[in-house]
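# Structural overview
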Amino acid sequence: MNVTRRGFLALSAAGTVAAPALLSVSGRALAQSKPIRVGYIADYFGTSLTAIADDQGLWAKHGLEPELKVFTNGPIQVQALGAGSLDFGYVGPGALWLPASGKAKIVAMNALGLSDRVIAQAGIATMADLKGKKIGVPEGTSGDMLLRLALAKAGMQLSDVEVVKMDPSTVVSAFASRQVDGAGIWYPLVGVIKKTVPDLVEVAKSADFYPANSFPSAFVARNEVAEQDRETVMKYVAVLKEANDYRAADVPRSVEITAKFLGVPADPLITESQNGKFLTSAEFVAATRDGSVASWLKGLNDQFVSFGKLQNPLDPKDYYLGDLYSGG
């Protein structure tokens, strides 16, 4: 998602070794393979397709030789795209305001996240009970989005609560030490908090607002690559589609592959994988053609406008290469 949407597996799997900063496809690449630079985020949503592509030899199969670079968030990847040091990257829903503002092109959808929660200390049962209370939230993330949606559903405004902006790891410690009464946060971090505060209450969840409000993650391309090298984009999309269908067919196996790729325990990835909706590539094609994907993106645009992130977002058709993904 945005700056701090994910990348905290070290927190949920204390003592593990962080993912290497630079990886390349194993084995000898075919001489005719096209070199590309690909970013990913070290969690299940942000890594699984990249890990599957690596494990299944999909890069070479589709004529690509990737230089894989790990990032902590989507916006830094988009910055790298703009600087010309990255060709493709992964962003969560909180960072989709960047392609909506023309900073990159979406080439494929990844998954629909259902991992976000508004949590509260024991004794607080509803959003109304949070009125006047301190709520920790990472600004601009899907946790922030869910908080706003849940407040509106309860007939409340952001000003009805005391929002405390903090990064995700601080939310974890602040909630655990009862410095805040509630939080807009996501799994696997909610699971981390539960270890210390087992009686916390989940007062709202992203599934409550699905499908009217969806939280898609996506893969993006540098504008110049999208405009000038469609052949390479199509090869990258072909890799993503095949990896996506492998994941959709066997999520548990994809978790094992991702954990091995990242060098982390599988448990936090399992939790994360259980809080997402994974469509097949055929379903994404259908959702592209029937306007569902555009509706997801338009819904996010409306939210970005509502909390001042954007003023005049682009129409989804101008930054999602849906015709390329769906084959026309």
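For the structure itself, look to the data block above.
Nothing here was measured: the structure is a model prediction, and the numbers come from that model.

Rules used in this analysis
Residues numbered from 1 in each chain as written. Predicted model: local features only at pLDDT ≥ 70, side-chain atom pairs only at ≥ 80, totals over all residues. Heavy atoms only, no water. Helix = DSSP H or I, 4+ residues; strand = E, 2+ residues; numbered from the N terminus. Rg over C-alpha atoms; globule rule 2.2 N^0.38 Å. Buried < 20%, exposed > 50% of the residue type's maximum accessible area, 1.4 Å probe, protein only. Pairing = 2+ DSSP bridges. Axes fitted to C-alpha atoms, helices over the stretch in contact; angles between N-to-C directions. Contact = heavy atoms within 4.5 Å. Phe/Tyr/Trp six-rings, centres within 6.5 Å; stacked < 30°, edge-to-face > 60°. Lys NZ or Arg CZ within 6 Å of the ring centre and 35° of its normal. Parallel < 35°, antiparallel > 145°, perpendicular 65-115°, else oblique. 1 Å grid on protein atoms, 1.4 Å probe; cavity = no way out; pocket = protein on both sides within 12 Å on 5 of 7 lines; lining within 4 Å. Points joined across faces, edges and corners; volume = space filled by probe spheres on them. Nonpolar A, V, L, I, M, F, W, Y, C, P; charged D, E, K, R; others polar. Core = buried A, V, L, I, M, F, W, Y, C linked by side-chain atoms within 4.5 Å. Salt bridge = Lys/Arg side-chain N within 4 Å of Asp/Glu carboxyl O.

To continue, consider the overall build of the protein. Each helix and strand in the protein was counted, giving 15 helices and 12 strands. Radius of gyration (C-alpha) of the protein: 19 Å, near the 20 Å computed for a compact globule of 328 residues. In terms of overall dimensions, the protein has a C-alpha envelope of 65 × 45 × 35 Å along the principal axes. Looking at the 328 residues of the protein, the share that counts as buried comes to 55%.

Attention shifts here to the sheet that holds strand 7 (residues 134-137). Reading across the sheet, the five strands line up as 8-7-9-6-10 and stay open at both edges, with mixed pairing between neighbours. Each edge of the open sheet is held by one strand with a lone partner, namely strand 8 (162-165) and strand 10 (201-205). Across the sheet, the mean angle from the axis of one strand to that of its neighbour is 30°, orientation sign disregarded. Where strand 7 and strand 9 (residues 182-186) come together, two bridges link them in parallel fashion. Within strand 9, the position partnered with Ile135 by the bridge is Gly182. Helix-sheet contacts for helix 6 (residues 142-153) involve strand 6 (116-120), strand 7, strand 8, strand 9 and strand 10, and the interaxial angle to strand 6 is about 65°. The sheet contacts of helix 7 (residues 168-176) involve strand 6, strand 7 and strand 9, and relative to strand 9 the element is tilted by about 135°.

Taken as a whole, this structure holds seven aromatic pairs when the rule is applied. Pairwise contacts between aromatic rings join Tyr44, Phe45 and Phe278 into one cluster. Above the face of the Phe209 ring, Lys153 is positioned so that its terminal group lies 5.2 Å from the ring centre. The ring of Tyr325 carries Lys241 above its face, with NZ or CZ at 4.5 Å from the centroid.

Here helix 4 (residues 74-83) has its buried residues at Gly74, Pro75, Gln77, Val78, Ala80 and Leu81. For helix 4, the elements touching its buried residues are strand 2 (34-41), strand 3 (64-71), strand 4 (88-91), helix 5 (97-100) and strand 11 (216-221). Gly84 lies just past helix 4 and shows a positive phi near 85°.

Running from N to C, helix 2 (residues 44-55) and helix 11 (residues 251-262) point in directions that differ by 90°, and their axes come no closer than 8 Å. Comparing the axis directions of helix 2 and helix 11 gives the class roughly perpendicular. Only Val251, Arg253, Ser254, Val255, Ile257, Thr258, Phe261 and Leu262 of helix 11 make contact with helix 2, whose side of the interface consists of Tyr44, Thr47, Ser48, Thr50, Ala51, Ile52, Asp54 and Asp55.

Reported here for the second largest pocket is a volume of approximately 160 Å³. Considering the residues around the second largest pocket, the lining is formed by 14 residues, among which Lys34, Pro35, Ile36, Arg37 and Asp87 are closest to the centre. If you list the elements that add at least two residues to the lining of the second largest pocket, you get strand 2 and strand 3. It is strand 2 that contributes the most residues to the lining of the second largest pocket, four residues altogether. Taken together, the residues of the lining of the second largest pocket sort by class into five nonpolar, two polar and seven charged.

Moving on: the side chain of Gln77. Along the chain, Gln77 turns up in helix 4. Apart from residues lying up to four places away in sequence, Gln77 is in contact with Gly39, Tyr40, Ile41, Phe71, Leu86, Gly89 and Tyr90.

With 91 residues, the main nonpolar core has Met127 and Tyr236 as its most contacted residues. Excluding residues that lie within four positions of it along the chain, Tyr236 makes contacts with Ile36, Val38, Trp59, Leu64, Phe88, Gly89, Val107 and Phe219. With 17 residues, the next largest nonpolar core counts Val172, Phe175, Trp186 and Val192 among its residues.

Quick look at the environment of Leu300 now. By the element assignment, Leu300 lies in helix 14 (residues 292-306). Each C-alpha atom, one on Leu300 and one on Asn213, is 7.7 Å from the other, the two residues being 87 residues apart in sequence. Look past the residues within four positions of Leu300 in its chain and what remains in contact with it is Pro93, Leu96, Met145, Ser214 and Pro216.

So, about the pattern of salt bridges. For the structure on display, the rule yields 16 salt bridges. As a salt-bridge pair, Arg37 and Asp87 come within 2.9 Å of each other at their nearest N and O atoms. You can see Arg37 sitting in strand 2 and its partner Asp87 sitting in the loop between helix 4 and strand 4, a full 50 residues away along the chain. Lys61 is paired through a salt bridge with Glu242; the nearest N and O atoms lie 2.7 Å apart. A residue pair is termed long-range when its members are at least 10 positions apart, and Lys61 in helix 3 (residues 58-61) and Glu242 in helix 10 (residues 230-249) qualify at 181 residues.

Any link to function would need more than the numbers given here.
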